[in-house]
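If you want the building blocks of each chain, they are given just below.
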Amino acid sequence: MTWLTENPFPILLIGSLTTAILVGGWLRTGSKWVLGGAIVAIAITVGLVLAERWIVTDREQVSRTLHEIATAVERNDVEAALTYAYSGAPDVRAHADAELRQYRFSEVNIKRNLQIEVFPNRDPPLATAEFNVIVVLTTRDGLVGTRRIPRYVEMTFYKEDDGRWGVGGYEHFDPRRGFMVDPETQRPY
């Protein structure tokens, strides 16, 4: 049922088609009942779209958290990014702190292949996110100039007692890791 609460498109499509059919029927017959049905279809469609906007699913919360982290990293606000670490994983916070302080980021672009899976029956509830990201960065020591680096990221989130989702683990890899790579050009075969 999450397809109704995470995407307004099916609601709009079904509501628009139903309304169009009923309006067409009303224009053909002039029946007040068919016109009334069209008005009810419009009201139901608007109500369902508003409900979809009002209901925030766990998947949407994880996605929002992920994008907030990306924004904090892009601003080079390490402290803000670290607030998203899961309270039960201090090692993750320490690892992220050490890693983020090595670089100065100018862009963090999460790609459209973001896939989030939520496991609400776990204790605590768990979610996984997998996606590609492009980061543009320099090293803080200035030894390496600006570089555009693609990464494939796997993250684990745990739901805190207050309802927030915190990062309980993450790894990032070269997105071509499953391919044979030419050592000279670093391009896949």
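Residues numbered from 1 in each chain as written. Predicted model: local features only at pLDDT ≥ 70, side-chain atom pairs only at ≥ 80, totals over all residues. Heavy atoms only, no water.

**Student:** Would you take a moment to explain the layout of surface pockets for this structure?
**Tutor:** Empty space among the atoms becomes visible once a probe the size of a water molecule is rolled across them. Each pocket or cavity is described by its volume, and for the largest pocket that value is around 640 Å³. Taken together, 27 residues line the largest pocket, and the ones lying closest to its centre are V73, E99, L100, Y170 and H172. Only α4 (58–74), α5 (78–82), α6 (90–100), β1 (103–110), β3 (126–139), β4 (147–159) and β5 (165–173) provide two or more residues apiece to the lining of the largest pocket. (1 Å grid on protein atoms, 1.4 Å probe; cavity = no way out; pocket = protein on both sides within 12 Å on 5 of 7 lines; lining within 4 Å. Points joined across faces, edges and corners; volume = space filled by probe spheres on them. Helix = DSSP H or I, 4+ residues; strand = E, 2+ residues; numbered from the N terminus.)

**Student:** Teacher, can you tell me more about empty space enclosed by the protein here?
**Tutor:** Taken as a whole, this structure holds one cavity of 30 Å³ or more when the rule is applied. Estimates place the volume of the largest cavity at around 40 Å³. Lining the largest cavity are A72, V73, N76, D77, V78, L100, Y103, F105 and R140. Of all the elements in the fold, those that place two or more residues in the lining of the largest cavity are α4 and β1. Class assignment of the residues belonging to the lining of the largest cavity gives a composition of six nonpolar, one polar and two charged. (Nonpolar A, V, L, I, M, F, W, Y, C, P; charged D, E, K, R; others polar.)

**Student:** Got a minute to help me understand the nonpolar core in this structure?
**Tutor:** The tendency in soluble globular proteins is for nonpolar side chains to be buried as a group. Within the largest apolar cluster, 33 residues are counted, with the highest numbers of intra-cluster contacts made by F131, M155 and F157. Counting only elements with at least two residues in this core, the list comes to α4, α5, α6, β1, β2 (115–119), β3, β4 and β5. With residues near it in sequence (within four places) discarded, F131 still touches L66, I110, N113, L114, R151, Y152, V153 and M155. (Core = buried A, V, L, I, M, F, W, Y, C linked by side-chain atoms within 4.5 Å. Buried < 20%, exposed > 50% of the residue type's maximum accessible area, 1.4 Å probe, protein only. Contact = heavy atoms within 4.5 Å.)

**Student:** Would you explain the packing of aromatic side chains in this entry?
**Tutor:** The description of two aromatic rings rests on the distance between their centres and on the angle between their planes. Using the criterion set out here, one finds two aromatic pairs in the structure. Look at Y86 and Y158: their rings are 5.0 Å apart centre to centre, the planes differ by 40 degrees, and that puts the pair in the tilted class. Here Y158 lies in strand β4 and Y86 lies in the loop between α5 and α6, a separation of 72 residues in the sequence. According to the relative accessible area criterion, Y86 is buried, its value standing at 17%. What makes Y158 partly exposed here is its relative accessible area of 26%. Pairing Y103 with F105 gives two aromatic rings, centres 6.1 Å apart and planes at 65 degrees, and the pair type is edge-to-face. A residue is classified by how much of its surface remains accessible, and Y103, at 25% relative accessible area, is partly exposed. Judged by relative accessible area, which is 10%, F105 ranks as buried. (Phe/Tyr/Trp six-rings, centres within 6.5 Å; stacked < 30°, edge-to-face > 60°.)

**Student:** What is the right way to read the confidence of the model for the protein from this model?
**Tutor:** Close reading of the predicted structure is inappropriate where its pLDDT is low. The pLDDT averaged across the protein works out to 88; a share of 90% of its residues lies at or above 70. By mean pLDDT, the top-scoring element of the protein is α5 (96), and the lowest-scoring one is helix α1 (residues 2–6) (61). (pLDDT = per-residue confidence, 0-100.)

**Student:** What's the story with α4 in this structure? I'm lost.
**Tutor:** Count 3.6 residues to each turn of an α-helix, and residues three or four apart come out pointing the same way. An ideal rise of 1.5 Å per residue puts 24 Å on 17 residues; α4 measures up with 24 Å between its terminal C-alpha atoms. For α4, the set of buried residues is V62, T65, L66, I69, A70, A72 and V73. Down the axis of α4, the buried set is contained in an arc of 165 degrees. They therefore lie on one face. N76 sits one or two residues past α4 and shows a positive phi near 60 degrees. (Expected span 1.5 Å × (residues − 1). Arc of directions from axis to C-beta.)

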